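Chain and residue survey
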Amino acid sequence: MEKAEEKDMAWKGNVSFRHLYSAYAAEFAATLLFVFLGAGSVVATAQLDVGMTSARLLAIALAHGFAIAVLVAAVAPISGGHLNPAVTFAQCLTGQMRVWRGAGYVVMQLAGAAAGAWFLTLVFAPEISGTLGAHGLGWGITPTGGFIIEVLLTFALVFVVFATTTDRVGAFKEFAPLAIGLTVLVGHLIGIPVTGASMNPARSFGPALVAGAWITPWTQWLMIYAIGPLIGAAIAAIFYRRLSG
């Protein structure tokens, strides 16, 4: 992931502009594929198991974890491999990325997520696709509990992102996509029964928008699946920066 001052080259000549365009396109395409694969695993496994069995939970967690790992690896040289507004927000907050560029990333991520969910409607019949893997609270989970789990899971994810990608002396940069993927995988094992394990506002936004499957009132959805991850990401970014000096 590039430093903020390097990002400012984006408007200096046609080559830099093409680089910016490529970065936006990469975030759009990779987020589209992540939602298509991740949310698609929720829809597909529903045809194999009734309810959330242990086997289905593991399959969904593996799909999300491996999907994010390979996609981050694929587009990291182009865009930094965010695929997540919470990661982009943390980058901007700590000066790793200019706000104007980060805003473009978030727009592309949300658009890509919506496109990925829309493609699922072309693959699965309406009676099968359901809510397209949209996130929701588990049985007996309070909105406060959902908010807390999303803060903590996103904290873990963004802490790993910063530890493996943004620090020049960070450990094992070559293995960053795998570390990020494993964090997402473990987060899903814990979070699926609670909130669906978002850790990513784009992943929650796309299926909810296309399927119209929002938690009501909408303020609860916003608090759990947008504000919660952003707060977790901010705390993780600041905490890691303090630790790394």
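Quick caveat: nothing in here was measured; it's all calculated off a predicted structure. (Residues numbered from 1 in each chain as written. Predicted model: local features only at pLDDT ≥ 70, side-chain atom pairs only at ≥ 80, totals over all residues. Heavy atoms only, no water.)

In this model, Thr216 is joined to Pro217 through a cis peptide bond whose omega is -5 degrees. By the secondary structure assignment, Pro217 is in the loop between α9 (201–211) and α10 (218–244). Look at Leu83: it is not a glycine, yet its phi comes out positive at around 60 degrees. Counting through the fold element by element, Leu83 comes out in the loop between α3 (54–79) and α4 (85–93). The class for Leu83 is buried, based on a relative accessible area of 0%. In this structure, Met199 is a non-glycine residue whose phi angle is positive, near 60 degrees. Looking at the secondary structure, you find Met199 in the loop between α8 (176–191) and α9. (Helix = DSSP H or I, 4+ residues; strand = E, 2+ residues; numbered from the N terminus. Buried < 20%, exposed > 50% of the residue type's maximum accessible area, 1.4 Å probe, protein only.)

What follows is about the environment of Val72. Within the fold, Val72 resides in helix α3. Judged by relative accessible area, Val72 falls into the buried class, the value being 6%. Those residues in contact with Val72 that sit more than four places away from it in its chain are Gly81, Pro177 and Ile180. (Contact = heavy atoms within 4.5 Å.)

Now for the side chain of Thr88. You can see Thr88 is positioned in helix α4. In this structure Thr88 comes out as buried when scored by relative accessible area, which is 1%. Within the local environment of Thr88, its side chain forms a polar contact with the side chain of His82, the two groups lying 2.8 Å apart. Among the polar contacts made by the side chain of Thr88, one reaches the side chain of Gln109 at a distance of 3.0 Å. (Polar contact = N/O pair within 3.5 Å; in protein donor to acceptor, adjacent residues only side chain to side chain.)

Our next topic: the layout of surface pockets. Rolled over the atoms, a probe with the dimensions of a water molecule shows which regions are left empty. Roughly 160 Å³ of volume is contained in the largest pocket. Lining the largest pocket are 13 residues, and of these Val42, Met52, Ile60, Ile192 and Gly196 lie nearest its centre. It is α3 that contributes the most residues to the lining of the largest pocket, three residues altogether. Along the lines of polarity and charge, the residues of the lining of the largest pocket split into six nonpolar, five polar and two charged. (1 Å grid on protein atoms, 1.4 Å probe; cavity = no way out; pocket = protein on both sides within 12 Å on 5 of 7 lines; lining within 4 Å. Points joined across faces, edges and corners; volume = space filled by probe spheres on them. Nonpolar A, V, L, I, M, F, W, Y, C, P; charged D, E, K, R; others polar.)

Glancing now at empty space enclosed by the protein. Counted according to the given criterion, the structure contains one cavity of 30 Å³ or more. Of the pockets and cavities examined, the largest cavity occupies roughly 130 Å³. Along its surface, the largest cavity is lined by 17 residues, and Ile68, His82, Asn84, Leu157 and Val184 are the ones closest to its centre. Secondary-structure elements contributing two or more residues to the lining of the largest cavity are α3, α7 (143–166) and α8. In terms of residue count, the dominant contributor to the lining of the largest cavity is α8 (three residues).

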